[in-house]
Amino acid sequence: MLYYRCYALWKTFFQKLGMETVVSAPTDREIMERGTALAIDEACLSLKVYLGHVAALVGRCDYILAPRVSNFGRQRAMCTRFESTPDLVRNVFRDSRQKFLSYEVDAEQKKGEEDAFLEMGKELGCTAKEAKRAYKAAKKAELVQHKARVQKQEQLCRREGMKILIAAHSYVAEDPYMGKTVTDYLKKAGIIPLRADLVDRDAALKRSRELSSTCKWEISREILGGIALRRETVDGIILLSAFPCGPDAMVNELIARRVKDVPLLNLVLDSQSGTAGVETRLESFIDIIRFKEGKL
Amino acid sequence: MAEAKIRSVSFPRYAEYNCAFKYIIEQALGCRYVMPPVLTKRTMELGTKYSPDFVCTPFKTMLGSMIEALEAGADTLFMTHGLCRLGYYGELLEQILRDLGYQFDFINLSDYDMSKKKEYIRVVRRFNPKVNYARFLLQFMEGLRMAEYVDDITAEYYRNCGFDATEGQYKRAYQDFLTAMYTARSRADVEAGYRAAKAALGAVPLDKPQQPLRVGIVGEFYTAMDAFSNLELEQKLADMRVEVHRWMNVTNQFLRYGSGQKNLRVKVRDLSRYDMGPTSTANIWYARECAERGFDGIVHIKSAGCTPEIDVMPVLQNISADYKVPVLYLTYDAQTSDVGLMTRLEAFYDMIEMRKKVL
């Protein structure tokens, strides 16, 4: 689920260690259905998609990467689903004999990301030195990539035209079968879609406190910070979440109660295959914004 | 400086632990305690009405209970922090209550960095700036002891109450114990209540077969323990003449494993290498323990939308397959009905009873 956030980091790390990486194909109906069949009914849509991707990779590689990312410090936690991922896939795919690879980031237990990667390198039979060099390069690649994406957002911000901020986890916003339909529709309607989570992360973490003083999830805080940073630039905000996302269920409720100056659309995606429902809601949201601005 | 007003503090209903909250608030912190009314359907309706749709059910229960506590005269609400979504309950609960127009003071542990001792003192001072720390510590520990006694007696009660040979003496002894705890004002009261309950429960004649049906309960921290929230599942099972065992309680989860549950994980490492959530290790460990001890069935309880417990389920499915032990998965939301639960429990009971005869 962290693919869109971490792929530069992962890809560079393994490449530097001379390993080949295999990436599953973009989400499609088949992946979604396979994942849904494997998951517990009540699990979130994102987990279902994730399990579908894992199933597509089983048997195609020596190891499948499934990290445990618990937190980056106090009130910088991830949803507990990121804590359970490695054990979850090992249990779900127990009979497939597929080997999984994981690393553990749990800053509150003094397990930082660098140590986690070094340990993973050791498990793969690399020396500490090689692993360290690979991690350094990988981290750099990740930062460069994130910076480039933030810059692109800044450029979009300066463009003329109606702008709508999409507040969503990257694995929802960028997934071709989930959030991307929303971005595509907005673009087609001549609207500039911006992303709340693609902002300078440190600044966002700080600004998130304006909207919520005790929010404990790293990604939610980045989104909150992104909203705080951009709320004056944009014409509307779409709170986009996958059913039934735990953190979003609460954070989005809070945003709706505290952000009163910008039109908000709370859009929850489920595994419906058609896009007509989503399009209708987007269309009426755009109409409302235009009406409000006197352009309709 | 104006005379500091004595706070009237409340914390939502939570299983039978409110007696310990009351003891700590009154004896250790020198505040007044407002006991929230017993949870009812009205509590759930209130909570559900004002909560976001797919937040976990305990949030709705707690919101309802807080509204009822405010109606009962509380001026200060207290909320804990936690490792899952619980850690964010406080801020959202406060916002919802403020939007509704309620006026109160809110003490939210998530506002404090509870890994630092200094912060504990800040919290205590907010309750009562004039608190006597020596007395506070002593009384606080006694409050915790009360919680331990509640856990101990409750566990004993559900193990045996289905086999009461008299007309409800066992249940009366348990209720007398709870009354003693809810009215205790000193260490002597607590100790006397506990000893009396031990003696009273021990004196009731039981009619228990050599090998009774035994069921282990695992699940989410709130719903598995709160009898209102799980529709008195333990009592219902016990009434079918089943020994009901539950490991999960405040004593075991918090008081005995201050430094984490690393030692429990040793035995389940093949199933779960890491903590999958706040209660996963304990639940997986206990489920395997039940399976190995030859229990007839396991019931897994969670509220709708509880992420950590959903993730534990695939592991339980594997335990179930490995040890051939039936597991009943129950999800509770605001609409779960008594009748629906009863039907499922009866079917589960018939099944484990039949297995016991055959095997």
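What follows concerns the domain arrangement of chain B. What the domain assignment reports for chain B is domain 1 (8-131), domain 2 (144-207) and domain 3 (209-359). Between domain 1 of chain B and domain 2 of chain B, the residue contacts involve seven residues of the former and nine residues of the latter.

Residue and element names in this part refer to chain B. If you walk across this open sheet you meet the four strands as β2-β1-β3-β4, and the pairing is parallel. Edge positions in the sheet fall to β2 (32-33) and β4 (105-108), since each has one partner strand and no second. Pairing between strand β1 (residues 8-10) and strand β3 (residues 76-79): two bridges, direction parallel. The residue of β3 that forms the bridge with V9 is T76. Along the sheet, helix α4 (residues 86-100) makes contact with β3 and β4, crossing β4 at roughly 165 degrees.

In many reports, interface size means the accessible area that the parts give up when they come together. Assigned domains within chain A: domain 1 (3-22 + 61-141) and domain 2 (160-292). Of the residues lining the interface, nine residues belong to domain 1 of chain A; the matching set on domain 2 of chain A comes to eight residues.

For the rest of this paragraph, the subject is the sheet that holds strand β8 (residues 264-269) of chain A. All names here are of chain A. Sheet architecture is open: four strands sit in the order β6-β5-β7-β8, paired in parallel fashion. Of all strands in the sheet, those with a lone pairing partner are β6 (192-195) and β8, marking the two edges. Pairs of neighbouring strands in the sheet enclose a mean axial angle of 25 degrees, with direction left out of account. As judged from the four bridges shared by strand β5 (residues 163-167) and strand β7 (residues 236-242), these two strands associate in the parallel manner. Bridge pairing links A167 to L239 in β7. Each of β5, β6 and β7 is contacted by helix α10 (residues 218-230), which is oriented at about 160 degrees to β5, the strand it contacts most.

Glancing now at the packing of helix α12 (residues 280-292) of chain B against helix α13 (residues 307-323) of chain B. Between two packed helices, both the angle of their axes relative to each other and the distance between the axes serve to describe the pair. Residues and elements named next belong to chain B. The N-to-C vectors of α12 and α13 enclose an angle of 20 degrees; their axes lie 10 Å apart at closest approach. The angle between the axes of α12 and α13 places the two elements in the roughly parallel class. In this structure, α12 crosses over α13, and the sense of that crossing is right-handed. Residues S280, N283, I284, A287, R288 and A291 of α12 form the contact with α13, whose own contacting residues are P308, V312, V315, L316, I319 and Y323. Here the contact of α12 with α13 is composed, by residue class, of nine nonpolar, two polar and one charged.

Let us now look at the interface of chain B and chain A. The partner chain A presents 29 residues to the 35 residues of chain B that form the contact. Listing elements by their share of the side of chain B that touches chain A, those giving two or more residues are α4 and α13 of chain B. When residues of the side of chain B that touches chain A are assigned to their parent elements, the largest contribution, eight residues, is made by α13(B). Split by residue class, the side of chain B that touches chain A holds 15 nonpolar, 12 polar and eight charged.

Definitions and cut-offs
Residues numbered from 1 in each chain as written. Chains lettered and ligands numbered in written order. Predicted model: local features only at pLDDT ≥ 70, side-chain atom pairs only at ≥ 80, totals over all residues. Domains from an automatic or database assignment. Contact = placed C-beta atoms within 7 Å. Pairing = 2+ DSSP bridges. Helix = DSSP H or I, 4+ residues; strand = E, 2+ residues; numbered from the N terminus. Axes fitted to C-alpha atoms, helices over the stretch in contact; angles between N-to-C directions. Parallel < 35°, antiparallel > 145°, perpendicular 65-115°, else oblique. Left-handed = near helix turned anticlockwise from the far one by under 90°. Nonpolar A, V, L, I, M, F, W, Y, C, P; charged D, E, K, R; others polar.

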